[in-house]
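# Breakdown of the fold
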Amino acid sequence: MSKKVLLLAVAVLFGSQAGLAMAANPDTGPGCGLGKVMWQNYPNAKTKGSQILMATTNGSFGSQTFGMSTGTLGCTDDGRIWAEQKATMFAELNADALAQEMAQGRGEHLASMATLLGVAQPQHAAFFAMAQERYAALSSAGELSPAAMVQALNEGISADSSLVKVALN
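## Observations regarding the overall build of the chain
The number of helices and strands found in the chain is 9 helices and 0 strands. When the helices and strands of the chain are placed in sequence order, the string is α-α-α-α-α-α-α-α-α. Within the chain, the proportion of its 169 residues that are buried is 32%. Taking all contacts inside the chain whose residues are at least 6 apart in sequence as the whole, residues at least 24 apart take part in 55%. A total of about 10,500 Å² of accessible surface is found on the chain, and carbon and sulfur atoms cover 60% of it.

Now the structure itself:
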């Protein structure tokens with residue numbers, strides 16, 4: 001009897017931690033893994049109960065780690081979302097310095113942003129020139145938020161064939 005109570009307590013503990021983590025972003029659920037695959041078609045799959053089932057299944061079988069390592073079970077390994085988040089976070093933390101360096105067309109923060117966005121080192125000079133042009137457009141439009149800066153830089157990279165993106169780890 002005590003083993004059952006202990007297992008139930010562990011399941012509730014893991015489930016409540018997963019529920020707290022999901023409260024910030026309820027649309028994504030517990031991520032990927034066997035639990036996500038097994039329970040995604042469950043009625044009301046975005047409720048706490050079904051998400052606890054997903055998280056508990058993932059935790060019980062260790063399937064999230066396997067899925068992330070192999071790119072299976074709904075997990076992806078392309079890293080694009082994470083790279084975008086890193087660039088946006090960097091821009092938010094260094095907004096003033098980044099804006100100043102974009103206006104100047106050079107600087108350490110701008111070089112770091114180029115690296116975060118996947119611009120190869122030999123193309124940094126072209127990136128700096130593009131960033132300076134984009135800054136002027138953003139400044140005249142009155143839109144200098146960190147997210148707008150990152151979006152403008154990404155659009156500039158996509159529009160300029162000389163800015164070759166390197167693979168990000």
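## Brief notes about helix 3 (residues 48–61)
The end-to-end C-alpha distance of helix 3, which contains 14 residues, comes to 20 Å, matching closely the 20 Å that a straight helix rising 1.5 Å per residue would cover. What helix 3 keeps buried is the set S50, Q51, M54, A55, T57 and N58. When helix 3 is viewed along its axis, its buried side chains cluster within an angular range of 160° and face the same direction. Across from the buried face of helix 3, at angles greater than 90 degrees, the exposed residues are K48, G59 and S60.

## Describing the environment of G107
Tracing the chain through its elements places G107 in the loop between helix 6 (95–104) and helix 7 (108–116). A relative accessible area of 28% places G107 in the partly exposed class. Through-space distance from the C-alpha of G107 to that of A97 is 8.8 Å; in sequence the pair is 10 residues apart. Excluding residues within four positions of it along the chain, G107 makes contact with E101 and F128.

## Re the packing of helix 8 (residues 124–141) against helix 9 (residues 146–159)
Where helix 8 contacts helix 9, the two axes come as close as 10 Å, and the packing angle between them is 130°. Between helix 8 and helix 9, the angle is such that the two are oblique. For the crossing formed where helix 8 meets helix 9, the hand is right-handed. Every residue of helix 9 that contacts helix 8 at F127, M130, A131, R134 and L138 is listed here: A148, M149, A152, L153, E155, G156, I157 and A159. Looking at the contact of helix 8 with helix 9 residue by residue, the classes come out as 10 nonpolar, 1 polar and 2 charged.

## Points about the packing of aromatic side chains
Following the criterion strictly, the structure yields 1 aromatic pair and no others. Each ring, one from F127 and one from F128, has its centre 6.3 Å from the other, and the planes form 65°; the classification is edge-to-face. For the pair F127 and F128, one class covers both residues: buried.

## What about the environment of F90?
Within the secondary structure layout, F90 lies in helix 5 (residues 80–93). Residues F90 and M113, spaced 23 residues apart in sequence, show a C-alpha to C-alpha distance of 7.5 Å. Once residues within four sequence positions are removed from consideration, F90 is found in contact with H109, S112, M113 and L116.

Parameters at a glance
Residues numbered from 1 in each chain as written. Predicted model: local features only at pLDDT ≥ 70, side-chain atom pairs only at ≥ 80, totals over all residues. Heavy atoms only, no water. Helix = DSSP H or I, 4+ residues; strand = E, 2+ residues; numbered from the N terminus. Buried < 20%, exposed > 50% of the residue type's maximum accessible area, 1.4 Å probe, protein only. Contact = heavy atoms within 4.5 Å. Areas by Shrake-Rupley, 256 points an atom, 1.4 Å probe, with all protein chains shown as cover. Expected span 1.5 Å × (residues − 1). Arc of directions from axis to C-beta. Axes fitted to C-alpha atoms, helices over the stretch in contact; angles between N-to-C directions. Parallel < 35°, antiparallel > 145°, perpendicular 65-115°, else oblique. Left-handed = near helix turned anticlockwise from the far one by under 90°. Nonpolar A, V, L, I, M, F, W, Y, C, P; charged D, E, K, R; others polar. Phe/Tyr/Trp six-rings, centres within 6.5 Å; stacked < 30°, edge-to-face > 60°.

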